[in-house]
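Single-letter residue listing:
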Amino acid sequence: MPSTDGQGDTDGQGAWVPRETAPAKLSGLFPDDQLIRRYVDLLVSTGVARGLLGPREVDKVWSRHVLNCAVIVPALGPDVRVCDVGSGAGLPGIVLAIARPDLQVCLVEPLQRRSAFLTEAVDQLGLLNVEVVRARAEALHGVRRFDVVTSRAVAPLERLLPWCWPLVTPGGVVLAIKGSSAGAEVARSSALLRQLRVSATVEQWGFGVATPATSVVRIQSVE
Ligand SMILES: C[S@@+](CC[C@H](N)C(=O)[O-])C[C@H]1O[C@@H](n2cnc3c(N)ncnc32)[C@H](O)[C@@H]1O
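Description of the structure in this document. Because the structure is predicted, anything quoted here is derived from the model rather than measured.

As for the packing of aromatic side chains
The relative placement of two aromatic rings is captured by the distance of their centres and the angle of their planes. Tallied over the full model, the rule gives zero aromatic pairs. Over the ring of Trp163 we find Arg136; its NZ or CZ atom is 5.4 Å from the centre of that ring.

Written as structure tokens, this is what we have:
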């Protein structure tokens, strides 16, 4: 049955199906296109049914969500340990793990409903390089360290950094996916950046693949 709001369609049984098809440029971003398609299927079925993804997002799931995350893959070196703080339904953590089987990805998510979805998705997709930890990031301080800590849509830098920076191993980085507020957030955080002895640079990834390109704030030690 066609939708009446122009945001997608139902499959006749009430489940949302994306009108947006997987982009042709998908090839090359993922070693296994079927795996990322299966993850998207989970997002738009179980994810929507459980309220993890709004029905209005279904129609833009590839461009706004999957590609927005996938284009940052080249920012990650080989074989690194990644922690995705506030992974939600697996963005960007599951996308990165599918794109790069060499990564060891830890998804940190405190909410039961979301962490349960993550565990089910990891099992169903057979992702051997992914671990799900139900916790707030702060609970891992002094316990776990990672080469790269990612986050997307979790909190403004001033709140996010005190959660993420203690999880970074010496020489590691925080990569925070941001929207158009990236530069302003960096400017607002200058005192905290000085206090932590870190630098923050705004990078753009995925020109010609993601529209708009994905803004990432890269935080690293200045020492
Ligand atoms: C708006 S959602 C974004 C989810 C996902 N990253 C995305 O881009 O769709 C923010 C997530 O951050 C999680 N979160 C909030 N505070 C957190 C903390 N201190 N440590 C870890 N996760 C946190 C929330 O439970 C929520 O799932």
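From this point, the narrative continues.
Some points on the pairing of strand S6 (residues 146–152)
Across the seven residues of S6, six count as buried, placing the element largely inside the fold. Inspection of the sheet shows strand S3 (residues 81–85) paired to S6 by four bridges, in the parallel sense. Residue Asp84 lies in a different strand from S6, and its bridge partner there is Thr150. Where S6 lies against strand S7 (residues 168–178), six bridges are found, and the strand directions are parallel. Bridging across to S7, Val148 finds its partner in Val173. Each parallel crossover has a hand, and for S6 linked through helix H5 (residues 157–164) to S7 it is right-handed.

Observations regarding helix H1 (residues 33–49)
Between the first and last C-alpha of H1 there are 24 Å, a value that for 17 residues agrees with the 24 Å anticipated at 1.5 Å per step. The sharpest bend along H1 comes to roughly 30°, located at Leu43. Taken together, the buried positions of H1 are occupied by Leu35, Ile36, Tyr39, Val40, Leu42, Leu43, Val44, Gly47 and Val48. Its side-chain oxygen at 3.0 Å from the backbone nitrogen of Gln34, Asp32 defines the N-terminal cap of H1.

Comments concerning the sheet that holds strand S5 (residues 130–133)
One open sheet holds the seven strands; their spatial order is S5-S4-S3-S6-S7-S9-S8, and the pairing between them is mixed. Either end of the sheet is taken by a strand with one partner, and the two such strands are S5 and strand S8 (198–205). Each strand of the sheet is rotated relative to its neighbour by a mean of 20°, with strand direction disregarded. Note that S3 and strand S4 (residues 104–108) share five bridges and pair parallel. Residue Val82 lies in a different strand from S4, and its bridge partner there is Val105. Here H5 sits on the sheet in contact with S3, S6, S7 and strand S9 (214–221), set at roughly 150° to S7.

About the thresholds
Residues numbered from 1 in each chain as written. Predicted model: local features only at pLDDT ≥ 70, side-chain atom pairs only at ≥ 80, totals over all residues. Heavy atoms only, no water. Phe/Tyr/Trp six-rings, centres within 6.5 Å; stacked < 30°, edge-to-face > 60°. Lys NZ or Arg CZ within 6 Å of the ring centre and 35° of its normal. Buried < 20%, exposed > 50% of the residue type's maximum accessible area, 1.4 Å probe, protein only. Helix = DSSP H or I, 4+ residues; strand = E, 2+ residues; numbered from the N terminus. Pairing = 2+ DSSP bridges. Right-handed = clockwise from strand over helix to strand, strands pointing away. Expected span 1.5 Å × (residues − 1). Bend = angle between axes of the 7 residues up to and from the residue. Polar contact = N/O pair within 3.5 Å; in protein donor to acceptor, adjacent residues only side chain to side chain. Axes fitted to C-alpha atoms, helices over the stretch in contact; angles between N-to-C directions. Contact = heavy atoms within 4.5 Å.

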